[in-house]
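# Descriptive structure summary
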Amino acid sequence: MEEKKYELAKDIKIVFDGHALYRIRALRDFNDVKKGDLGGYIEKEDNLSQDDNCWVYDDAMVIRDARICDNARIYDRVIVNGLARVFGDAIVSDDAKVFDNAVLKDHAEIFDNAEIYGNSMVSGSAKVFDYVRICDNTTVEGKSTISGKAKVHGNDQICGCATIFGEADI
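The sections below set out a description of the structure shown in this document. Worth saying up front: this structure is predicted, and the values here are computed from it rather than measured.

### Regarding the overall build of the protein chain
Along the backbone of the protein chain there are 0 helices and 21 strands. What you see for the protein chain is a C-alpha radius of gyration of 15 Å, in line with the 15 Å of a compact globule of 170 residues. Here the C-alpha coordinates of the protein chain stretch approximately 45 × 30 × 25 Å along the principal axes. Put simply, the protein chain has 170 residues, and 49% of those count as buried. Across the protein chain, contacts joining residues at least 24 apart in sequence account for 16% of those joining residues at least 6 apart. Within the structure as shown, the protein chain displays about 7900 Å² of accessible surface, and the carbon and sulfur contribution to it stands at 44%.

Printed below as a string of structure tokens:
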């Protein structure tokens, strides 16, 4: 087994929505993270895999039973106090990214190079994958599935059991 890549910095704690979150500290170099670097906040070690290159950056938060794994990245570009949040039973995996005040919650999943950003939210049991971009105040919820290089933006709301695939620009 490979050595742990991070630890919870128990001396750097915040409380968000009633949950104690701890800043993470890198224990070794990997990807663009150097030993000693501080990352974002997680509630418990189950939130962030010790394997691969996944990481929580800046002031981003991972809460409850949400999981970040593979090479996924959660970060905050710090654009007008942007703050990425992942919580509930949400999963971010493969090379997916969540940033810039985006929210992923409930049982939603994002994977396979998809990105959620720009004040957007994905919730419910929605699945977003295959190079999809969700941005610009868009909401995706329910059992919606979006895939195939689609870009959904501009205050759109996708809900229910909607399915979008292909190179759509919505």
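### Focus on the environment of Lys-13
Of note, Lys-13 is situated in strand E1 (residues 6–16). Residues Lys-13 and Gly-154, 141 residues apart in the sequence, show an inter-C-alpha distance of 35 Å. When neighbours within four sequence positions are excluded, Lys-13 is seen to be in contact with Ala-20, Leu-21 and Tyr-22.

### A look at the packing of aromatic side chains
Counted under the stated rule, the structure contains 6 aromatic pairs. Aromatic side chains Tyr-57 and Tyr-75 sit 6.1 Å apart centroid to centroid with 85° between the ring planes, which places their arrangement in the edge-to-face category. Taken together, the residues Tyr-57 in the loop between strand E4 (55–56) and strand E5 (61–62) and Tyr-75 in strand E7 (residues 73–75) connect sequence positions 18 residues apart. One exposure class covers both Tyr-57 and Tyr-75, and it is buried. One cation-aromatic arrangement involves Lys-149 over Tyr-131; the distance from NZ or CZ to the ring centre is 5.9 Å.

Analysis parameters
Residues numbered from 1 in each chain as written. Predicted model: local features only at pLDDT ≥ 70, side-chain atom pairs only at ≥ 80, totals over all residues. Heavy atoms only, no water. Helix = DSSP H or I, 4+ residues; strand = E, 2+ residues; numbered from the N terminus. Rg over C-alpha atoms; globule rule 2.2 N^0.38 Å. Buried < 20%, exposed > 50% of the residue type's maximum accessible area, 1.4 Å probe, protein only. Contact = heavy atoms within 4.5 Å. Areas by Shrake-Rupley, 256 points an atom, 1.4 Å probe, with all protein chains shown as cover. Phe/Tyr/Trp six-rings, centres within 6.5 Å; stacked < 30°, edge-to-face > 60°. Lys NZ or Arg CZ within 6 Å of the ring centre and 35° of its normal.

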